[in-house]
Amino acid sequence: MNATKRKFNALLNGIGNKSATSLSYKEVNNISNTQITTASDTTTQAKKRRISGDDAMEGDKNSPPRKTVVRKLATTTLPHKKSASVATPAPMNESPKYAPWDRVAFLKRLKSFSNLTDWTPKPARVNEVEWAKRGWVCQKFERVRCCLCNVEILVKLNKKEVDGKEEPVYVRENIAEDALVEKYIELIVTSHDEDCLWRKRGCDDSIFKLPLANAIPTIESLGERYKELCSRADNLPYMFNLRPPPELDLDAIIGYLPQEILTHSAKPAFNGNTTNTEVNRVALMMALAGWQGHTHERLGTQLGSVSCQACFRVLGLWLFKSKEINTTGEETLGPIVNCLDVIKEHRDYCPWRNPVSQNGMKAAAKPDASAVAGWEILLRVLKNEYYLRHGKQSSPASKTPKQIAQDAETELGESIEDIEDTKTRDEEDKKRWARLRRVKSLFDTKGSKKLQSLKIRGGS
């Protein structure tokens, strides 16, 4: 009877230790295969001790090393996971969200307002340029968001109530509520968070300025625009469909341009000379006004459209091209739109058209300042670069004798004006010296005159 009780107690103790051993085995199995082997060996030894009738405390002595192994392995694996999360590199091509000096980032924000379905025209003081200068981007349906603090505003400026109902306003001249405009002028700045950097400072007025100061990249950019438009020669309007500004003398500009810019056109001249090529005058005139071939973000190159990369205006060429012409080149069926004004088709704030956007508000506000638009600056750059390469006395080969005589007359008039200015300056200098002598005589006392006379006598 006693022997049976001892066997029964030993069996109960074995069952309890076996469950504990299997639990530790599961813990080790979740760590690695190496710990599984160590735990299985320890479990086998414990079973042998229990079967031989050893004390159950023998098995407890071996359990602390197993728990220690688990803790050590766990502590060695945790730093590895943490280091992996810390070592994840940040994207390097992400542009800074606050860069008021970056013109490329400004144009990217301005481009988000270019879709008319998302942003309707606003008055000049609250138009898309002013929002983009303060870090705002368009979020569709008259909603703007700050690219730094992520604050969003719903701009309800193009709404008016008619018979108790809100109706959209698509013409900015019809927005006549000055108080509402003033309110949004304030919201452009104060809607940012208190600690947002765009609230403290926005872009300067010169951020919109076209980079036309350096002649070489300016001429290269003109050549690229001309080549893009020449690739759309079949879709371009006719020359009589265009309305250029009166100051744009295309014949003189062709003479100013380097020949490598004009050799892209594949059409030979009508005289059969293959070394000389015909200049695509329509493409050149549109390139001088800042237009280039349009490339859609998703659809790719659009041969029937041109765009401006400053104001992001897109024009469909089919709207301005005559539908039918006869064999003599005369129009028989006009276009949908009467004419294409290469300057006025830009948006009002575009620097190709607007002198204030090109020169800044302060420079244009000076009374003696002669602020000009981007296309006029481009013509000056081409003319100056030609004179630097060939000298001022040489005239472009494409000019007619009448144009050369007019230029000579202009230069003669400038030389006469220079002579007259020299005479005027001499007379003013004489008057200035006479006034200085009179002022000096007021400070000459009798004592100083005696000293001067004594010095003269002593020196003699």
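Residues numbered from 1 in each chain as written. Predicted model: local features only at pLDDT ≥ 70, side-chain atom pairs only at ≥ 80, totals over all residues. Heavy atoms only, no water.

Of all residues except glycine, most have a negative phi; of all peptide bonds, most are trans. A positive phi is found at Glu 142, a non-glycine position, where the angle reads about 60°. With respect to the helices and strands, Glu 142 occurs in the loop between β1 (136–138) and β2 (143–146). (Helix = DSSP H or I, 4+ residues; strand = E, 2+ residues; numbered from the N terminus.)

Once that is clear, we can look at helix α4 (residues 103–111). Every buried residue of α4 is accounted for by Ala 105, Phe 106, Leu 107, Arg 109 and Leu 110. N-cap assignment for α4: the residue whose side-chain oxygen lies 3.1 Å from the backbone N of Val 104 is Asp 102. (Buried < 20%, exposed > 50% of the residue type's maximum accessible area, 1.4 Å probe, protein only. Polar contact = N/O pair within 3.5 Å; in protein donor to acceptor, adjacent residues only side chain to side chain.)

Glancing now at the pairing of β2. Only one face of β2 is covered, namely the one carrying Val 144 and Cys 146; the face carrying Arg 143 and Arg 145 has none of its residues buried. Pairing geometry for β1 and β2, over three bridges, is antiparallel. Counted as the bridge partner of Cys 138 is Val 144 from β2. As consecutive antiparallel partners, β1 and β2 are separated by four residues, and within that stretch Lys 140 has a phi angle of approximately 80°, a positive value. (Pairing = 2+ DSSP bridges.)

With that settled, consider the packing of helix α8 (residues 215–230) against helix α14 (residues 374–390). Across the interface, α8 lies against α14 with an axial gap of 10 Å and an inter-helix angle of 115°. Considered as vectors, α8 and α14 are oriented roughly perpendicular to each other. In terms of crossing hand, the pair formed by α8 and α14 is left-handed. Contacts between α8 and α14 pair Ala 215, Thr 218, Ile 219, Leu 222 and Arg 225 from the former with Leu 378, Val 381, Leu 382 and Glu 385 from the latter. When its residues are assigned to classes, the contact of α8 with α14 shows six nonpolar, one polar and two charged. (Axes fitted to C-alpha atoms, helices over the stretch in contact; angles between N-to-C directions. Parallel < 35°, antiparallel > 145°, perpendicular 65-115°, else oblique. Left-handed = near helix turned anticlockwise from the far one by under 90°. Contact = heavy atoms within 4.5 Å. Nonpolar A, V, L, I, M, F, W, Y, C, P; charged D, E, K, R; others polar.)

A few words on the pairing of strand β7 (residues 292–296). As judged from the five bridges shared by β7 and strand β8 (residues 300–307), these two strands associate in the antiparallel manner. Pairing of His 296 across the sheet is with Gly 300, part of β8.

Attention now moves to helix α11 (residues 281–288). Taking burial as the measure, the eight residues of α11 include seven buried ones, the bulk of the element. Looking one or two residues beyond α11, the residue adopting positive phi is Gly 290, at roughly 100°.

On to the sheet that holds β7, then. As summarised here, the arrangement of the three strands in space is β7-β8-β9, forming an open sheet in which the pairing is antiparallel. Lying at the two open borders of the sheet, with one neighbouring strand each, are β7 and β9 (314–316). Each strand of the sheet is rotated relative to its neighbour by a mean of 70°, with strand direction disregarded.

Okay, a positive patch on the surface next. A surface patch of positive charge is lined by Lys 431, Arg 435, Arg 437 and Arg 438. Positionally, Arg 437 belongs in helix α15 (residues 401–443). (Patch = residues over 30% accessible without salt bridge, like charges linked within 9 Å, V, L, I, M, F, W, Y side chains within 5 Å. Areas by Shrake-Rupley, 256 points an atom, 1.4 Å probe, with all protein chains shown as cover. Salt bridge = Lys/Arg side-chain N within 4 Å of Asp/Glu carboxyl O. Lys, Arg positive; Asp, Glu negative; His and termini not counted. Charge placed at Lys NZ, Arg CZ, Asp CG, Glu CD.)

As a further point, take the pattern of salt bridges. Considering all chains together, one arrives at 12 salt bridges under this definition. The residue Lys 111 makes a salt bridge to Glu 297 at a minimum N-O spacing of 3.3 Å. With Lys 111 in helix α4 and Glu 297 in the loop between β7 and β8, this pair connects stretches of sequence that are 186 residues apart. Judged by its relative accessible area of 67%, Glu 297 is exposed. Between Lys 122 and Glu 142 there is a salt bridge whose closest N-O contact spans 2.7 Å. Here Lys 122, found in the loop between α4 and α5 (128–133), pairs with Glu 142, found in the loop between β1 and β2; they are 20 residues apart in sequence, far enough to count as distant.

Take the side chain of Thr 218 next. Along the polypeptide, Thr 218 turns up in helix α8. Every residue in contact with Thr 218, bar those within four places of it in the chain, is listed here: Pro 211, Leu 212, Ala 213, Leu 378 and Val 381.

Formed by 81 residues in total, the largest nonpolar core has its most connected members in Leu 110, Trp 131, Leu 284, Met 286, Leu 288, Trp 352 and Leu 382. Once residues lying within four places of it in the same chain are set aside, the contact partners of Leu 288 are Leu 222, Leu 248, Leu 250, Ile 253, Trp 352, Trp 375, Leu 378, Leu 379 and Leu 382. (Core = buried A, V, L, I, M, F, W, Y, C linked by side-chain atoms within 4.5 Å.)

A separate point is the confidence of the model for the chain. Atom-level detail of predicted coordinates should not be read off regions where pLDDT is low. With 61% of its residues at a pLDDT of 70 or more, the chain shows a mean pLDDT of 75. Across residues 54–88, confidence stays below pLDDT 50; counting only partners more than four residues off in sequence or on other chains, it has 12 contacts. For the stretch residues 265–276, pLDDT sits under 50, and the model shows 11 contacts to residues farther than four places along the chain or on other chains. (pLDDT = per-residue confidence, 0-100.)

Sheet architecture is open: three strands sit in the order β1-β2-β3, paired in antiparallel fashion. Where the open sheet ends on each side, the last strands, each with one partner, are β1 and β3 (152–154). For this sheet the average axis-to-axis angle between neighbouring strands, irrespective of direction, equals 30°. Looking at chain direction, β2 and β3 are connected through three bridges and run antiparallel. If you follow Val 144 over to β3, its bridge partner there is Ile 153.

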